[in-house]
Amino acid sequence: VMIKSHKATRSKLIKRLKSDFKIGLSGMPIENNLMEFHSIMEWIRPEVIPSFHRFRNRYITYGWDGKISGYRNLEELHLLTSPYILRRTKEEVLSELPPKIYTDFPLEFTTESKKAYEAICNEFLLWLKDQTGKNWQSSALEKMIRLRQFVEFPEIVGFDKLNNVKLDWLKDIYSVVDKLVVFTFFKGSIDLLKKEFNTDFVLTGDTPNQNRIKIVDRFNEASKGIFLLTDAGKFGINITGANNIVQYGQFFNPAVMKQREDRLHRIGQKNVVNVLSPYIIGTV
């Protein structure tokens, strides 16, 4: 289901459509918080689910910072909505799917790259200390993005001449497999990888919706290729023509990582799915 966000324009437009029957399909109806479930149910059975504000007051608790801190009355919510949910768990279909094997690949920075990374860390720590007693204008998470970009591709943050150990590792992997699906977090990483591997199999948030399935179909039929995706491709596509996925750019939400993997690990996949996770020791 692509209507989990109340604020998204797509959700607002979809909810204006009139129809005699409504069916919501989702592998993960709650990815971040319970309000996503409300948004889906509000469209399917608006007469069953409380309004937005009543739902928040009845089932959600908030912390001092205004963010969701917990939930309450969940048994009541379950009784209210369960008659309208048909759930088939992953465990129930695992017998129809091949195994999934996870392999971590610890990598180490070169001396020069380590010094550059530590310099960015120290700059970040000085900024944190300077925020004491201030009304923060930008969050620590936003500041950490530069560290994450450096780990994916030093070039994104201006370090053009440093050796990229993760890229070298990826080249080695691709030299021994015919097809590889690579997920990253940053669009900048996609642009650099596309140039490095000279591939047309690319899917990002900028890819027009009408072209996405065509790209996936071409890749599934190809005998050799590397497919580059941001998290814009973690929903609604079946990449069963390959069985090796690289988590080139990690994400803090495990649900996102699972969604990426399951583009390959789904009905129609005939081979063991290998989830390859390179990471650089001692980094974010």
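Residues numbered from 1 in each chain as written. Predicted model: local features only at pLDDT ≥ 70, side-chain atom pairs only at ≥ 80, totals over all residues. Heavy atoms only, no water.

Novice: What is the right way to look at the nonpolar core in this model?
Specialist: Soluble, globular proteins show a tendency: their nonpolar side chains are buried together. Ranked by size, the top nonpolar core spans 32 residues in total, and within it Phe150, Leu170, Leu180, Val182, Leu193, Val246 and Tyr248 carry the most contacts. Sorting the residues of this core by element identifies helix 6 (111-130), helix 7 (140-152), helix 8 (165-174), strand 4 (179-183), helix 9 (187-197), strand 6 (225-229) and strand 8 (273-280) as the ones contributing at least two each. Here the element with the most residues in this core is helix 8; it accounts for 6 residues. With near-sequence residues (within four places) excluded, Phe150 lies in contact with Phe109, Ser113, Ala116, Tyr117, Ile120, Val157, Phe159 and Leu162. Ile215, Phe227, Ala242 and Leu264 belong to the second largest nonpolar core, which has 16 residues in total. (Core = buried A, V, L, I, M, F, W, Y, C linked by side-chain atoms within 4.5 Å. Buried < 20%, exposed > 50% of the residue type's maximum accessible area, 1.4 Å probe, protein only. Helix = DSSP H or I, 4+ residues; strand = E, 2+ residues; numbered from the N terminus. Contact = heavy atoms within 4.5 Å.)

Novice: Got a minute to help me understand the packing of aromatic side chains in this structure?
Specialist: Aromatic ring pairs are defined here through the distance separating the ring centres and the angle between the ring planes. Summed over the entire model, instances satisfying the criterion amount to 15 aromatic pairs. When the centroid spacing of 5.6 Å and the interplanar angle of 75° are considered together, the rings of Phe109 and Phe150 count as edge-to-face. Of this pair, Phe109 sits in the loop between strand 3 (100-107) and helix 6 while Phe150 sits in helix 7, placing them 41 residues apart in sequence. On the accessibility criterion, Phe150 (0% relative accessible area) is buried. Ring centres of Phe219 and Phe227 lie 5.0 Å apart, and the angle between their planes is 45°; on these two criteria the pair is classed as tilted. Judged by its relative accessible area of 0%, Phe219 is buried. In this structure, Lys224 is placed above the aromatic ring of Tyr174, and the distance from its NZ or CZ to the ring centre is 4.2 Å. (Phe/Tyr/Trp six-rings, centres within 6.5 Å; stacked < 30°, edge-to-face > 60°. Lys NZ or Arg CZ within 6 Å of the ring centre and 35° of its normal.)

Novice: Explain the sheet that holds strand 3 to me, please; I cannot follow it from the model alone.
Specialist: Think of a sheet as strands paired side by side through backbone hydrogen bonds, with each pair either parallel or antiparallel. An order of 3-8-7-4-6-5 is seen for the 6 strands of this open sheet, with the pairing classed as parallel. For this open sheet the edge positions go to strand 3 and strand 5 (202-203), each flanked by a neighbour on one side alone. Summarising the sheet, strand 4 and strand 7 (residues 244-247) pair through 3 bridges and their orientation is parallel. Paired with Val181 across the strands is Ile245, a residue of strand 7. Relative to the sheet, helix 9 contacts strand 4, strand 5 and strand 6, its axis offset from that of strand 6 by approximately 170°. Packed onto the sheet, helix 11 (residues 254-261) meets strand 3, strand 4, strand 7 and strand 8 and runs at close to 155° relative to strand 7. (Pairing = 2+ DSSP bridges. Axes fitted to C-alpha atoms, helices over the stretch in contact; angles between N-to-C directions.)

Novice: Please clarify how the environment of Lys90 should be interpreted in this entry.
Specialist: Positionally, Lys90 belongs in helix 5 (residues 90-93). Along the chain, Lys90 and Arg266 lie 176 residues apart, while their C-alpha atoms are 9.8 Å from each other. Leave out the neighbours within four places in its chain, and Lys90 touches Leu97, Lys100, Asp262 and His265.

Novice: In this structure, what is going on with the pattern of salt bridges? I would like to understand it.
Specialist: Tallying each qualifying case throughout the model produces 10 salt bridges. Where Arg45 meets Glu47, a salt bridge forms, and the shortest distance between an N and an O atom there is 2.5 Å. A salt bridge links Arg58 to Glu76; its shortest N-O distance comes to 2.6 Å. Of this pair, Arg58 sits in helix 3 (residues 52-59) while Glu76 sits in helix 4 (residues 74-81), and the two are 18 residues apart along the sequence. A cluster of three or more residues bridged by salt bridges with shared partners is formed by Lys100, Glu261 and Asp262. (Salt bridge = Lys/Arg side-chain N within 4 Å of Asp/Glu carboxyl O.)

Novice: Help me out: how do you make sense of helix 10 (residues 209-221) in this one?
Specialist: Given 3.6 residues to a turn, an α-helix orients residues that are three or four positions apart in the same direction. Every buried residue belonging to helix 10 is among Arg212, Ile215, Val216 and Phe219, and all of these are buried. Along helix 10, the residues classed as buried sweep out an arc of 95° about the axis, all on the same side. Turned more than 90 degrees away from the buried face of helix 10 sit Gln210, Lys214 and Glu221, all of them exposed. Where helix 10 is buried, its residues meet strand 4, strand 5 and strand 6. (Arc of directions from axis to C-beta.)

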